[in-house]
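Examining the three-dimensional arrangement
Letter by letter, the chains look like this.
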Amino acid sequence: MPGGFKILKYLLNYKKFQLNAYLMKKFLLILINISLLAVIAITIFYFATQHTSIFAERNNYALNKTLNVSIREVLKETKREKLAEIEVKGIYFTSYSAASSKKIDWFLNFIKDSEINAVVIDIKDYSGKISYTSQLEMVRQLETGSKTIKNLPELIEKLHDQGIYVIARQTVFQDPELTAKKPEWAVKNSATGGLWHDYKGLAWADPTNKQVWQYNLEIAKEAISLGFDEINFDYIRFPSDGPMKQMKFANLEGRAKHEVMKNFFEYLHENLKDEPAYISADLFGFTTERIDDMNIGQIIEDAALYFDYVCPMVYPSHYPSGHLNLKNPAAHPYEVVSHAMKKGTERINALENAKAKIRPWLQAFDMGAVYTPAMIDLQIKASNENSGFGYLLWNARNVYNYAP
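Residues numbered from 1 in each chain as written. Predicted model: local features only at pLDDT ≥ 70, side-chain atom pairs only at ≥ 80, totals over all residues. Heavy atoms only, no water.

The subject of this paragraph is the overall build of the chain. Helix and strand content of the chain: 12 helices and 11 strands. Here the chain holds 404 residues, and the buried ones make up 45% of them. In the chain, of all internal contacts separated by at least 6 residues, the share reaching a separation of at least 24 is 77%. Here the chain displays about 21,400 Å² of accessible surface, and carbon together with sulfur accounts for 57% of that area. (Helix = DSSP H or I, 4+ residues; strand = E, 2+ residues; numbered from the N terminus. Buried < 20%, exposed > 50% of the residue type's maximum accessible area, 1.4 Å probe, protein only. Contact = heavy atoms within 4.5 Å. Areas by Shrake-Rupley, 256 points an atom, 1.4 Å probe, with all protein chains shown as cover.)

Here it is, written out as structure tokens:
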């Protein structure tokens, strides 16, 4: 029986081993399940408390990779709001002056210790050429853009960093560039059937053509998106010289010219009122005094309803001999500007629902008289005394010898 006992003992030990192995296996499975449950619980807790930063990091990476700009810059642009209103006191620069870093540095030094706080920069001048590389599809198709100002957002940022209010000047209907590419949008010559030209040989876009309106609106919106604080619309009128009887418009249809312009002013207001920038209108100096539209469509009350600022060009040299009984109005800057501003202010104040403040363009160039610092100061004094809300100084060559 000894051999049988050994076999029995072996079988009992084997069963015991199997039982221990089973218990160990069960223990390990329980331990693994507990570990998995712990990992799941930790993961759920982490996502519940950190999901905002996780997705922000992912979005940040994707936007940086796609747009090549930081998320901070994207958010800054998205949240941009219209600046608090200030009394603007500025000077005018062509796009060529603005494109010169030397000229910009001169400007920043020139205005130190002065009251100048703004600059007006051409983004579309008398030629119709856009002064920067536009991303608008129509501009790219028509090739009406240029590379005069190579990095416009950088320029605006530099000026903003110095506390400068930056205005974009946009010539609207005097536009040889657009009419050359889109002659069907131009004022036509009824005698020749071709484009009509003024005495300077410049072609004009048709103010009655709504496609011209849309083209200019899109340029203004793009300029605002680049950082401009204000869009200053110039040549928002019908032509004033040339073979006037030969002008042919597509959609005048018996309407008065001032009706067309008023509709255009309203169009700009309605489409730009929610943009983070102000809008202003350049008007003939005589609009402050004359009640007719002078055959160009401009009436100051019409503009005052829809723009933040009306900017009559009250250059004394542009008034005819005999105005205010003055043989040479250019030699009497205080009298001319004072009278113009007084009349303009009275008319705007008498207008119900007037939106605009009056901010004149003043003469800073020699014509009819040599314009000394004292003569510039006299214009500013006349404007201030008659409720002028700031001013803009004009010199076509950008030669400024005096900063008030």
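For Asn325, which is not a glycine, the phi torsion comes out positive at approximately 60°. Its location among the elements puts Asn325 in the loop between strand 8 (309-313) and helix 11 (333-349). Take Asn325: its relative accessible area is 76%, and that puts it in the exposed class. Positioned with a positive phi, Ser387 is a non-glycine residue whose angle comes to about 70°. Looking at the element boundaries, Ser387 is found in the loop between helix 12 (373-385) and strand 11 (391-394).

Let us look at the packing of aromatic side chains. Following the criterion strictly, the structure yields 17 aromatic pairs and no others. When the ring of Phe93 is compared with that of Phe107, the centres are 5.5 Å apart and the planes differ by 65°; the resulting orientation is edge-to-face. Taken together, the positions of Phe93 in strand 1 (residues 89-93) and Phe107 in helix 4 (residues 101-110) put the pair 14 residues apart, joining distant regions of the chain. Look at Trp106 and Phe110: their rings are 4.5 Å apart centre to centre, the planes differ by 15°, and that puts the pair in the stacked class. With Trp106 and Phe110 both in helix 4 and four residues apart, the pair spans about one turn of that helix. (Phe/Tyr/Trp six-rings, centres within 6.5 Å; stacked < 30°, edge-to-face > 60°.)

We now examine the packing of helix 8 (residues 210-225) against helix 9 (residues 257-272). Relative orientation of the contacting elements helix 8 and helix 9 amounts to 35°, with a least axis distance of 11 Å. Considering only the axes of helix 8 and helix 9, their crossing is right-handed. Taken together, the residues of helix 9 that come into contact with helix 8 (itself represented by Trp213, Gln214, Leu217, Ala220, Lys221 and Ile224) are Val260, Asn263, Phe264, Tyr267, Asn271 and Leu272. Looking at the contact of helix 8 with helix 9 residue by residue, the class counts come to eight nonpolar, three polar and one charged. (Axes fitted to C-alpha atoms, helices over the stretch in contact; angles between N-to-C directions. Left-handed = near helix turned anticlockwise from the far one by under 90°. Nonpolar A, V, L, I, M, F, W, Y, C, P; charged D, E, K, R; others polar.)

Its boundaries defined by the atoms lining it, the largest pocket holds a volume of some 970 Å³. Surrounding the largest pocket, 37 residues form its lining, Arg169, Tyr235, Met313, His318 and Trp394 being those nearest its centre. Elements with a contribution of two residues or more to the lining of the largest pocket: helix 3 (95-99) and strand 7 (278-284). Of the residues assigned to the lining of the largest pocket, the class counts are 15 nonpolar, 12 polar and 10 charged. (1 Å grid on protein atoms, 1.4 Å probe; cavity = no way out; pocket = protein on both sides within 12 Å on 5 of 7 lines; lining within 4 Å. Points joined across faces, edges and corners; volume = space filled by probe spheres on them.)

Here we take up the nonpolar core. Proteins that are soluble and globular tend to have nonpolar side chains buried together. Core analysis: the biggest nonpolar cluster contains 100 residues, and Phe107, Leu159, Phe228, Phe233, Phe264, Phe307 and Trp361 have the highest contact counts within it. Per element, the largest residue contribution to this core is eight residues, and it comes from helix 8. In this structure, Phe307 is in contact with Phe233, Ile236, Phe265, Leu268, Ile279, Ser280, Ala281, Lys355 and Ala356, ignoring residues within four places of it in sequence. (Core = buried A, V, L, I, M, F, W, Y, C linked by side-chain atoms within 4.5 Å.)

This part covers the environment of Lys158. If you trace the backbone, Lys158 turns up in helix 6 (residues 152-161). We classify Lys158 as partly exposed; its relative accessible area is 33%. Each residue touching Lys158, except ones within four places of it in the same chain, is listed here: Ile104, Asp105 and Leu108.

One can find Asn386 in the loop between helix 12 and strand 11. Here Asn386 falls in the buried class, since its relative accessible area comes to 13%. Setting aside residues up to four positions removed in sequence, Asn386 forms contacts with Ser338, Met341, Lys342 and Thr345.

With that settled, the discussion passes to the pairing of strand 3 (residues 165-171). Counting buried positions along strand 3 yields seven of seven residues, so the element is predominantly enclosed. The side-chain alternation of strand 3 yields two buried faces, one formed by Tyr165, Ile167, Arg169 and Thr171 and the other by Val166, Ala168 and Gln170. The pairing of strand 3 with strand 5 (residues 230-234) spans five bridges and is classified as parallel. Its bridge partner being in strand 5, Arg169 is matched across the sheet by Asn232. (Pairing = 2+ DSSP bridges.)

This part is about helix 8. Here helix 8 spans 23 Å end to end across 16 residues, near enough to the 22 Å set by a 1.5 Å rise per residue. Taken together, the buried positions of helix 8 are occupied by Val212, Trp213, Tyr215, Asn216, Leu217, Ile219, Ala220, Glu222, Ala223 and Ile224. Looking at the buried positions of helix 8, the neighbouring elements they touch are strand 2 (118-124), helix 5 (137-142), strand 3, helix 7 (176-181), strand 5 and helix 9. At the N-terminal boundary of helix 8, the capping side chain belongs to Asn209, with an oxygen 2.8 Å from the backbone nitrogen of Gln211. Remark: Gly227 follows helix 8 within two positions and exhibits a positive phi of approximately 120°. (Expected span 1.5 Å × (residues − 1). Polar contact = N/O pair within 3.5 Å; in protein donor to acceptor, adjacent residues only side chain to side chain.)

Note that Glu177 resides in helix 7. Remark: the alpha-carbon pair of Glu177 and Tyr126, spanning 51 residues in sequence, is separated by 9.1 Å. Once you skip the residues sitting within four places of it in the chain, Glu177 turns out to touch Ser127, Gly128, Lys129, Glu143 and Thr144. At a separation of 3.1 Å, a polar atom in the side chain of Glu177 contacts the side chain of Lys181.

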